[in-house]
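Chain by chain, the residues:
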Amino acid sequence: RELGADGYGIRLLDSGRFPAISDEDFDWLKRMVQEGQMTVASVSPATNKVPWDEAGLDKMIEQDLRLAFERGRELGAKQLSLFSWLKTEDAEPAEADDAFSPSMPLGIIDAFHRMADMADSYDMTLAVETGYQVWGDTNLRTARILREAGHPRLGMIFEPCNALQG
């Protein structure tokens, strides 16, 4: 707390990547929160750190993401963080820092809006992290994706290590 941190971000435990963790690990997290030994500010599933799959999008949102929101809410998290799907190896470069790659699936923008609607129903924010390997590979590009998705429950995480890796 001396550093101004308002809680932990839950991403990976010994039993797996959140929310696909063991019941034992989840019960331990809940107990730590209930006893006041920790506060969970954010949860981070790996739902979008995969290639874009429009055919599997409904399942990902309605099952995987919903479970992350449900478990995050049980822990008191106010934010769920994720990425903007992995770029393909043959992705064409964007023409400007805030432009999209011509290869970027435009369905990503609508998907973020849908996901933010779900975040709203859980009273959480959906925070998108910049990363060199995803479609939102610069801060400007991530910001544009979020602007175009146009939802008040969308936010952005600037992760300096991810930005510098590219």
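For the structure, check the block above.
Attention in this report is confined to the structure presented alongside it. (Residues numbered from 1 in each chain as written. Predicted model: local features only at pLDDT ≥ 70, side-chain atom pairs only at ≥ 80, totals over all residues. Heavy atoms only, no water.)

### Notes on the overall build of the chain
Reasoning step 1: Per the secondary structure count, the chain includes five helices and seven strands.
Reasoning step 2: Ordered by position from the N terminus, the helices and strands of the chain form the series β-β-β-α-β-α-β-α-β-α-β-α.
Reasoning step 3: Here the chain holds 166 residues, and the buried ones make up 42% of them.
Reasoning step 4: Sequence-distant contacts in the chain: of pairs separated by 6 or more residues, those separated by 24 or more amount to 78%.
Reasoning step 5: Across the chain, 17 positive and 29 negative side-chain charges occur, with their mean positions spaced 4 Å apart. (Helix = DSSP H or I, 4+ residues; strand = E, 2+ residues; numbered from the N terminus. Buried < 20%, exposed > 50% of the residue type's maximum accessible area, 1.4 Å probe, protein only. Contact = heavy atoms within 4.5 Å. Lys, Arg positive; Asp, Glu negative; His and termini not counted. Charge placed at Lys NZ, Arg CZ, Asp CG, Glu CD.)

### Topic: unusual backbone geometry
Reasoning step 1: Cis geometry is adopted by the peptide bond preceding Pro-19, which originates at Phe-18 and carries an omega value of 5°.
Reasoning step 2: Secondary-structure assignment places Pro-19 in the loop between strand E3 (16-17) and helix H1 (23-34).
Reasoning step 3: Not every positive phi belongs to a glycine, and Trp-85 is a case in point at roughly 65°.
Reasoning step 4: One non-glycine residue, Asp-123, adopts positive backbone phi at about 55°.
Reasoning step 5: Summarising the element assignment, Asp-123 is placed in the loop between helix H3 (107-121) and strand E6 (125-129).
Reasoning step 6: Given the relative accessible area of 41%, Asp-123 is considered partly exposed.

### Comments concerning the nonpolar core
Reasoning step 1: By size, the foremost hydrophobic cluster in this structure holds 41 residues, and its most contacted members are Phe-69, Leu-80, Trp-85, Phe-112, Met-115 and Leu-126.
Reasoning step 2: Residue assignment for this core shows that the elements contributing at least two residues are H1, strand E4 (40-43), helix H2 (57-74), strand E5 (79-82), H3, E6 and helix H4 (139-149). (Core = buried A, V, L, I, M, F, W, Y, C linked by side-chain atoms within 4.5 Å.)

### Description of the side chain of Thr-142
Reasoning step 1: Position of Thr-142 among the secondary structure elements: in helix H4.
Reasoning step 2: A relative accessible area of 1% means that Thr-142 is categorised as buried.
Reasoning step 3: When near neighbours in sequence (up to four residues on either side) are disregarded, Thr-142 contacts Val-128, Thr-130, Gly-136, Asp-137 and Met-156.

### Concerning the environment of Leu-75
Reasoning step 1: In this structure, Leu-75 sits in the loop between H2 and E5.
Reasoning step 2: Residues Leu-75 and Thr-39, 36 residues apart in the sequence, show an inter-C-alpha distance of 8.0 Å.
Reasoning step 3: Excluding its chain neighbours within four sequence positions, the residues that come into contact with Leu-75 are Phe-18, Phe-26, Leu-29, Lys-30, Val-33 and Val-40.

### Some words on the environment of Lys-78
Reasoning step 1: You can see Lys-78 is positioned in the loop between H2 and E5.
Reasoning step 2: Lys-78 sits in the exposed class, given a relative accessible area of 51%.
Reasoning step 3: Along the chain, Lys-78 and Asp-64 lie 14 residues apart, while their C-alpha atoms are 18 Å from each other.

### Overview of the pattern of salt bridges
Reasoning step 1: For the structure on display, the rule yields 13 salt bridges.
Reasoning step 2: Residue Asp-123 pairs with Lys-78 through a salt bridge whose shortest N-O separation is 3.4 Å. Of this pair, Asp-123 sits in the loop between H3 and E6 while Lys-78 sits in the loop between H2 and E5, and the two are 45 residues apart along the sequence.
Reasoning step 3: For Asp-137, the salt bridge is made with Arg-141, and the minimal N-O distance between the two is 2.3 Å.
Reasoning step 4: A single network of salt bridges, built from pairs that share partners, joins Lys-78, Asp-120, Asp-123 and Arg-153. (Salt bridge = Lys/Arg side-chain N within 4 Å of Asp/Glu carboxyl O.)

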